[in-house]
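# Chain and residue survey
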Amino acid sequence: MENEKKKEIVFSAIQPSGTITLGNYLGAVRNWVSMQDEYNCIYALADLHTITVRQEPAAMRKNILDAYASIMACGIDVEKSIFFIQSHVHTHAELAWVLSCYTQFGELSRMTQFKDKSAKHADNINAGLFTYPVLMAADILLYQADKVPVGADQKQHIEITRDIAERFNGIYGNVFKIPDGFIPKNGARVMSLQDPSKKMSKSDENVNGCVHLLDPPEVIMKKFKRAITDSEASVHYGEGKDGVNNLMAIYSAVTGLSYEQIEHDFDGRGYGDFKTAVGEAVAETLRPIRERYEQLVKDKAYLEDCYRKADELALKISSRTMNKVMKKIGFVL
Ligand code: TRP
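Predicted, not measured: the structure shown is a model, and the values here were computed from it.

### What about the pairing of strand β2 (residues 40-45)?
Of all 6 residues that make up β2, 5 are buried, and the element is covered over most of its length. With 6 bridges connecting them, strand β1 (residues 9-14) and β2 associate as parallel partners. Residue pairing for β2: F11 is matched across the bridge by I42. The handedness of the β1 to β2 crossover, carried by helix α1 (residues 22-34), is right-handed.

So, in structure tokens, the structure goes:
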């Protein structure tokens, strides 16, 4: 049919480097779920990326399987989308090597994430940390992705992906689709509840700063009740009100209410009421996810079946690109 356009391909990935947090959910995974009808979605658990920082083997194994089940529980539909484990699909590491020979030392040196991470892990500035963006480029380019939803902190990595792809295409012809990165409009940037100048992170020194996807309601309530605010005691968005701004962003993301509506609803009420409302709304949002997660982890065979099938499809799709790349360069196939 004339107006039946082919669906565009969306690719994205998340690192299974600990539990999935409320920040991961509101910033990324919820959006993955909502794109499944409109696009052909391919999602990966980027486990190869996690070893740029040293991991403990038993914890790593657990994190990968827990993250897989958690993200599935958020509503990934295996009938519609492909959700696979990066390390199970060998084309990723292969294309990363090839692309590293088409990426300049200078351009990798300019990556702000590399500079930040090497400052943070000064005792382990390994080559993988440096070439991390090349593996990410390989992830994306293997699937000829049209669109790549990412957090603001990954924008530079999308830029370098496009540069590498254009350079390669410039030498060998049209091998790679040039992907567009985008920051989802409804993708809330969730900050720590204890230090709202920092992104919500599982590595927050203060356990109350980070809400995990699988936290039970009473824990969620406790964390929100302790959230840092300010001394003004007025629920509105404003400069110098990072704590309240963050709570408003979270509340708006889970209820769909505008900031104006929230300010109106809480006019003349204190922070105690507001924090309770935010906590309850978050707990309600996460409740069905936690319940689905508990069902899923009981059925290891089902989960394994899901990722094996997805791994196989990912290998099939990515091998087409990989073969083309090898042939163009001059390898004997
Ligand atoms: N680097 C991304 C992050 O830390 C995760 C990631 C790996 C990714 N490969 C990707 C994201 C490909 C988008 C596309 O958030």
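Back to the write-up after that little detour.
### As for unusual backbone geometry
In this model, Q144 sits at a positive phi of 50°, which is unusual for a non-glycine residue. Position of Q144 relative to the elements: it lies in the loop between α7 (127-141) and β4 (147-149). Positioned with a positive phi, A233 is a non-glycine residue whose angle comes to about 55°. Tracing the backbone shows A233 in the loop between α9 (217-225) and α10 (242-255).

### Notes on the layout of surface pockets
If you add up the space inside the second largest pocket, you get close to 360 Å³. Along the wall of the second largest pocket there are 19 residues; nearest its centre are K80, S81, I82, L313 and I317. Those elements that provide at least two residues to the lining of the second largest pocket are β2, β3 (82-85) and α13 (300-329). When residues in the lining of the second largest pocket are grouped by element, the largest group, 6 residues, is from α13.

### Some remarks on the pattern of salt bridges
This model, assessed by the stated rule, comprises 17 salt bridges. Here K198 and E205 are joined by a salt bridge, their closest N and O atoms 3.5 Å apart. A relative accessible area of 70% means that E205 is categorised as exposed. K241 is the salt-bridge partner of E232, the closest N and O atoms lying 2.6 Å from each other. Residues joined by salt bridges that share partners form a network here, namely D37, D77 and K80.

### Notes on the site of the ligand
In the region of the ligand, 13 residues are neighbours, and Q15, Y132, M136, D139 and Q154 sit closest. Y132 has a polar side-chain atom sitting 2.8 Å from a nitrogen atom of the ligand. A total of 370 Å² of accessible area belongs to the ligand in isolation, and the protein chains cover 89% of it. Those elements that place two or more of their residues in the shell around the ligand are β1 and α7. With 4 residues, the top contributor of residues to the shell around the ligand is α7. Within the shell around the ligand, the residues separate by chemical class into 8 nonpolar, 4 polar and 1 charged.

Rules of the game
- Residues numbered from 1 in each chain as written.
- Predicted model: local features only at pLDDT ≥ 70, side-chain atom pairs only at ≥ 80, totals over all residues.
- Heavy atoms only, no water.
- Buried < 20%, exposed > 50% of the residue type's maximum accessible area, 1.4 Å probe, protein only.
- Helix = DSSP H or I, 4+ residues; strand = E, 2+ residues; numbered from the N terminus.
- Pairing = 2+ DSSP bridges.
- Right-handed = clockwise from strand over helix to strand, strands pointing away.
- 1 Å grid on protein atoms, 1.4 Å probe; cavity = no way out; pocket = protein on both sides within 12 Å on 5 of 7 lines; lining within 4 Å.
- Points joined across faces, edges and corners; volume = space filled by probe spheres on them.
- Salt bridge = Lys/Arg side-chain N within 4 Å of Asp/Glu carboxyl O.
- Near = heavy atom within 4 Å.
- Polar contact = N/O pair within 3.5 Å; in protein donor to acceptor, adjacent residues only side chain to side chain.
- Areas by Shrake-Rupley, 256 points an atom, 1.4 Å probe, with all protein chains shown as cover.
- Nonpolar A, V, L, I, M, F, W, Y, C, P; charged D, E, K, R; others polar.

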